[in-house]
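A closer look at the structure
Each chain, written out:
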Amino acid sequence: MTTDAIVDVKEVVKLYGPLRAVDGISFQVKRGEIVGLLGANGAGKSTLMKVLTCYVVADRGSATVAGVSIDSDPVGVRRHIGYLPENAPLYNEMMVRDFLLFVARIRGLAKAKARERIEWAVKACGLEPKFMATIGTLSRGYRQRVGIAQAILHDPDLLILDEPTSGLDPIQIIDIRRLIMEIGKTKTVFFSTHIMQEVEAVCNRAIIIAKGKLVADGSPADLKMKFAEKGRLVAKIRGAAEADVRAALKDLPGVGKVHAITHAELGVVECHLHLKDGAAANEAGEKFYAAARAGKWSVVELRTEGVSMEDAFLKASMGVYGKEATA
Ligand code: ATP
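Residues numbered from 1 in each chain as written. Predicted model: local features only at pLDDT ≥ 70, side-chain atom pairs only at ≥ 80, totals over all residues. Heavy atoms only, no water.

Comments concerning the overall build of the protein chain
From N to C terminus, the protein chain includes 11 helices and 14 strands. With the C-alpha coordinates of the protein chain rotated into their principal frame, the extents come out at 75 × 45 × 40 Å. Considering the protein chain as a whole, with its 327 residues, one finds that 46% of them fall into the buried category. Carbon and sulfur atoms form 53% of the exposed surface of the protein chain, whose accessible area is close to 15,900 Å². (Helix = DSSP H or I, 4+ residues; strand = E, 2+ residues; numbered from the N terminus. Buried < 20%, exposed > 50% of the residue type's maximum accessible area, 1.4 Å probe, protein only. Areas by Shrake-Rupley, 256 points an atom, 1.4 Å probe, with all protein chains shown as cover.)

Okay, here's the thing in structure tokens:
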């Protein structure tokens, strides 16, 4: 294990009868990373998280959290982890304050320490207005905040959150994402989601699993480069004839097919430059500007288009699911 790895998973297998819910997964998470775990329904995300948090026992393989083995010291592992399961198990009849006191007691925090940590977690999670509210009366967004507050109460190194934004409205989603990013400044966060934009907005790394297997691992930008369709540059030009534009751009380094169309009513030629494999959009953009200068065209717009995390996710998963992944 490298010294900065907080999670080290090696060839973990979890079987439910004949079903290989987690099928030989290996990866490491470094301290300070915010890692998004992506996968279709039933891909094995929750099961992997349950193995890491020692709620289920792996059938094969090994894993450590902060150097502590999930096999030999599950209680030790849990000390390093704050965990929010998929449906935050909260006691509806309790007040937020009492619930957090209860969790602090279970975590073995002394009275003064418990008070200090609760104050910190309540502030970090924006729970001040609901501190004395009964949990059963809270919105789903506030319930998730309570779930996250209980997970960070004992100041763990690693937060594991199972679909923390699932079922929230758009405003609540933004709030919880902000909270995850804030917490991610001081802690390592490993969370699952179905929302691709979430990964791009929040994570510096994404792990994609399909049918229990790891199929991709990298930064969102890297995964888009690796798996998504190559992007294209879209430009709008004035002062040029469509045929001249096409001719000038056809052999541009890094550019494959070029489509150009004239919008006579706007007086512009719109062209789409499809980037070749491995071509960087910014380099192709520079070449485009050089061609525009040479042709004395006036460029009214230049933008990149067409690379998305959805594409990357589908491409990465397709090897395992076949065409159904694109359904
Ligand atoms: P979702 O996004 O729907 O939450 P997931 O990626 O978290 O899915 P898991 O919940 O880990 O997937 O489930 C992986 C597979 O294991 C699924 O086929 C699921 O039906 C199965 N499974 C999960 N828990 C059990 C269990 N206790 N007993 C039997 N099968 C299970």
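Observations concerning the site of the ligand
Close contacts around the ligand come from 14 residues, with Asn41, Gly42, Lys45, Ser46 and Thr47 the closest. Contact between the ligand and Gly44: an oxygen atom at 2.9 Å from a main-chain N or O atom of the residue. Taking His194, its side chain carries an N or O atom lying 3.1 Å from an oxygen atom of the ligand. Coverage of the ligand by the protein amounts to 62% of the 630 Å² it exposes when considered alone. Every element with two or more residues in the shell around the ligand is listed here: β2 (19-30) and α1 (45-52). The dominant element in the shell around the ligand, judged by the number of residues it contributes, is α1, at three residues. (Near = heavy atom within 4 Å. Polar contact = N/O pair within 3.5 Å; in protein donor to acceptor, adjacent residues only side chain to side chain.)

Things to note about the domain arrangement of the protein chain
One can read the domain layout of the protein chain as domain 1 (5-227) and domain 2 (232-306). The C-alpha-based centres of domain 1 and domain 2 are spaced at 45 Å. (Domains from an automatic or database assignment.)

A look at helix α6 (residues 170-183)
Here α6 is 14 residues long and its end C-alpha atoms lie 20 Å apart, about the 20 Å a rise of 1.5 Å per residue gives. Listed as buried for α6 are Gln172, Ile173, Ile176, Arg177, Leu179, Ile180 and Ile183. Angularly, the buried residues of α6 cover 160 degrees about the axis, an arc narrow enough to put them on a single face. Residues of α6 that are exposed and point more than 90 degrees away from the buried face comprise Pro170, Ile171 and Arg178. Capping of α6 at its N-terminal end is provided by Asp169; its side-chain oxygen lies 3.0 Å from the backbone amide nitrogen of Ile171. (Expected span 1.5 Å × (residues − 1). Arc of directions from axis to C-beta.)

Topic: α1
Of all the eight residues making up α1, seven are buried; the element is thus mostly covered by neighbouring parts of the structure. What α1 keeps buried is the set Lys45, Ser46, Thr47, Leu48, Met49, Val51 and Leu52. Backbone geometry just after α1 places Cys54 at a positive phi near 65 degrees.

Some words on the sheet that holds strand β7 (residues 158-162)
As summarised here, the arrangement of the six strands in space is β6-β7-β8-β3-β9-β10, forming an open sheet in which the pairing is mixed. In this open sheet, the two edge strands, each paired with only one partner strand, are β6 (81-84) and β10 (213-218). On average, each strand axis in the sheet is tilted by 15 degrees relative to the strand beside it, whichever way the strands run. Where strand β9 (residues 205-210) meets β10, five bridges bridge the pair, whose relative direction is antiparallel. Looking across to β10, one finds that Ile209 is bridged to Leu214. (Pairing = 2+ DSSP bridges. Axes fitted to C-alpha atoms, helices over the stretch in contact; angles between N-to-C directions.)

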